[in-house]
Amino acid sequence: MKKTVTVFGSAMPEQGSREYSEAYELGKLLGAGNLNVCSGGYGGIMDAVSRGAVEAGSEATGITVRSFGRKPSRWLTINIICDSLVERISRLVEYADAFIILPGGTGTLLEVAYIWEFMNKNFMDSKPAAASGKLWKSVISEVNKRLEEEMKETNRILCFNTTPEAGNYIINSLKS
């Protein structure tokens, strides 16, 4: 059975943008690495990574929310509809064997905080997590400094300069 990587990122990037293209290439990379993807299931980065994975022969699961009233990505092979945002985030985490965080806003920040805190509190097993993008490098660095001061485990989420580096790290982490 293929393992699944949950990818978090913005719904805003449109086809043809750099962020959309990078997410699409990431989906292809993960699919070629024999991994399925899971995302929030809508547009932007979620659509792009789903498309790339499906075109590479893998599954793309979307975890959508009934009350959002938006149309899910046409690239989803599985759409799981939730009743609330909290349920959605829980399922995004539950289905993942690993995580990749791409550029996003407050929704992505919420998802990152969720996985980080649940790993820190041992509410879930530690899973490989990689982030790509200038924002995440800054945020994760600052939080790691604070965790170090509190004598808690750091580097649960690793930062990479490029999306392919993050993807390759996850592929290699899930091989074992």
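Worth saying up front: this structure is predicted, and the values here are computed from it rather than measured.

**Student:** Teacher, can you tell me more about the pairing of strand 5 (residues 98-101) here?
**Tutor:** As a general feature of sheets, a regular strand has side chains that alternate between the two faces. Across the two faces of strand 5 the burial is the same, with Ala98 and Ile100 and Phe99 and Ile101 all buried. Examined bridge by bridge, strand 1 (residues 3-8) and strand 5 share 4 bridges and lie parallel to one another. Residue pairing for strand 5: Thr6 is matched across the bridge by Phe99. Bridging between strand 5 and strand 6 (residues 129-132) involves 3 bridges; their strand directions are parallel. If you follow Ile100 over to strand 6, its bridge partner there is Ala130. Each parallel crossover has a hand, and for strand 5 linked through helix 4 (residues 106-120) to strand 6 it is right-handed.

**Student:** Is there a simple way to think about the side chain of Thr6 in this case?
**Tutor:** With respect to the helices, strands and loops of the structure, Thr6 is situated in strand 1. Looking at Thr6, its side chain comes within polar contact range of the main-chain oxygen of Leu92, at 2.8 Å. Thr6 has contacts with Cys38, Leu92, Ala96, Ala98, Phe99 and Ile100, leaving out every residue within four places of it along the chain.

**Student:** Is there a simple way to explain unusual backbone geometry in this structure?
**Tutor:** When glycine is set aside, most residues are seen to have a negative phi, and most peptide bonds are trans. Positive phi outside glycine occurs at Asn122, with the angle close to 60 degrees. Positive phi values are uncommon outside glycine, yet Met151 reaches one of about 55 degrees. The topology assignment puts Met151 in the loop between helix 5 (134-149) and strand 7 (158-160). With relative accessibility at 78%, the residue Met151 sits in the exposed group.

**Student:** Honestly, the packing of helix 1 (residues 18-32) against helix 2 (residues 45-55) in this entry has me stumped. Any pointers?
**Tutor:** Angle between the axes and distance between the axes are the two parameters that describe a pair of packed helices. Look at helix 1 against helix 2: their axes get within 6 Å of each other, and the N-to-C directions meet at 35 degrees. Crossing of helix 1 over helix 2 shows right-handed handedness. Residues Glu19, Tyr20, Ala23, Tyr24, Leu26, Gly27 and Lys28 of helix 1 pack against Ile45, Asp47, Ala48, Val49, Arg51, Gly52, Ala53 and Glu55 of helix 2. Classifying every residue of the contact of helix 1 with helix 2 by side-chain character gives 8 nonpolar, 2 polar and 5 charged.

**Student:** Where do I start with helix 6 (residues 163-174) in this structure?
**Tutor:** Each full turn of the α-helix corresponds to 3.6 residues, which orients residues three or four apart in the same direction. Over its 12 residues, helix 6 runs 17 Å from end to end, which matches the ideal 16 Å to within 8%, given 1.5 Å per residue. Taken residue by residue, helix 6 has Thr163, Ala166, Gly167, Ile170, Ile171 and Leu174 as its buried positions. End-on, the buried residues of helix 6 take up no more than an arc of 135 degrees, which puts them together on one face.

**Student:** Sorry, what's going on with the environment of Gly40 here?
**Tutor:** Looking at where Gly40 falls in the secondary structure, it is placed in the loop between strand 2 (35-39) and helix 2. Relative accessible area serves as the criterion here: at 5%, Gly40 is assigned to the buried category. Here the alpha-carbon distance between Gly40 and Leu109, two residues 69 residues apart in the chain, equals 13 Å. Beyond its immediate chain neighbours, meaning those up to four positions away, Gly40 contacts Met46, Ile63, Thr64, Arg88 and Leu92.

**Student:** How do you make sense of helix 2 when you look at a structure like this?
**Tutor:** With respect to burial, helix 2 is a largely interior element, 9 of its 11 residues being buried. Residues of helix 2 that are buried include every one of Ile45, Met46, Asp47, Ala48, Val49, Ser50, Arg51, Gly52 and Ala53, and no others. Tucked inside the fold, the buried residues of helix 2 contact strand 1, helix 1, strand 2, strand 3 (60-65) and helix 3 (85-94). Where helix 2 terminates, the next one or two residues include Gly57, which has phi positive at roughly 95 degrees.

**Student:** How should the packing of aromatic side chains be read in this particular structure?
**Tutor:** What characterises a pair of aromatic rings is the spacing of the ring centres plus the angle enclosed by the ring planes. Here the structure, examined in full by the defined rule, presents 5 aromatic pairs. For the pair Tyr114 and Phe118, a centre-to-centre distance of 4.2 Å together with 15 degrees between the ring planes defines the contact as stacked. You can see Tyr114 and its partner Phe118 sitting in helix 4, 4 residues apart, about one turn around the helix. Judged by its relative accessible area of 27%, Phe118 is partly exposed. Connected via pairs of aromatic rings, a cluster forms that spans Tyr114, Phe118 and Phe123. When the ring centre of Tyr42 is taken as origin, the NZ or CZ atom of Arg70, which lies over that ring, is 4.3 Å away.

Reading the values: rules and limits
- Residue numbers run consecutively from 1 along every chain, following the written order of its sequence.
- Local features in this predicted model are restricted to residues whose pLDDT is 70 or higher, and side-chain atom pairs enter the listing and the counts only when it is 80 or higher, whereas totals over whole chains, interfaces and linings include all residues.
- Excluding hydrogens and water, the side-chain values take into account all heavy atoms of the structure.
- Exposed residues in this analysis have more than 50% of their type's maximum accessible area, buried residues have under 20%, and partly exposed residues fall in between, with area computed by a 1.4 Å probe over protein chains only.
- Each helix is a run of H or I in the DSSP string that is no shorter than four residues. Each strand is a run of E no shorter than two, and both are numbered from the N terminus.
- A pair of strands counts as paired when DSSP detects no fewer than two bridges linking them.
- Throughout, right-handed denotes a crossover for which the path from the first strand over the helix to the second runs clockwise when the strands point away from the viewer.
- Polar contact is the term for a pair of N or O atoms within 3.5 Å; when the atoms are in protein, one must be able to donate a hydrogen and the other to accept it, and sequence-neighboring residues count only if both atoms are side-chain atoms.
- Any two residues whose heavy atoms approach within 4.5 Å are treated as being in contact.
- Note on geometry: axes are lines fitted to C-alpha atoms, helical ones only across the stretch in contact, with angles between N-to-C directions running from 0 to 180 degrees.
- The crossing is said to be left-handed when, going from far helix to near helix, the turn is anticlockwise and less than a right angle, and right-handed when the turn is clockwise.
- When residues are grouped by polarity, Ala, Val, Leu, Ile, Met, Phe, Trp, Tyr, Cys and Pro land in nonpolar, Asp, Glu, Lys and Arg in charged, and all others, Gly among them, in polar.
- To estimate how far a helix should extend, the number of its residues minus one is multiplied by 1.5 Å.
- This arc is taken over the directions from the axis of the helix to the C-beta atoms.
- Two rings belonging to Phe, Tyr or Trp (six-membered ring only in the last case) form a pair when the distance between their centres is within 6.5 Å. Interplanar angles under 30 degrees mark stacking, angles over 60 mark edge-to-face geometry, and anything in between is tilted.
- Any Lys NZ or Arg CZ that is within 6 Å of a ring centre and within 35 degrees of that ring's normal is treated as a charge sitting over the ring.

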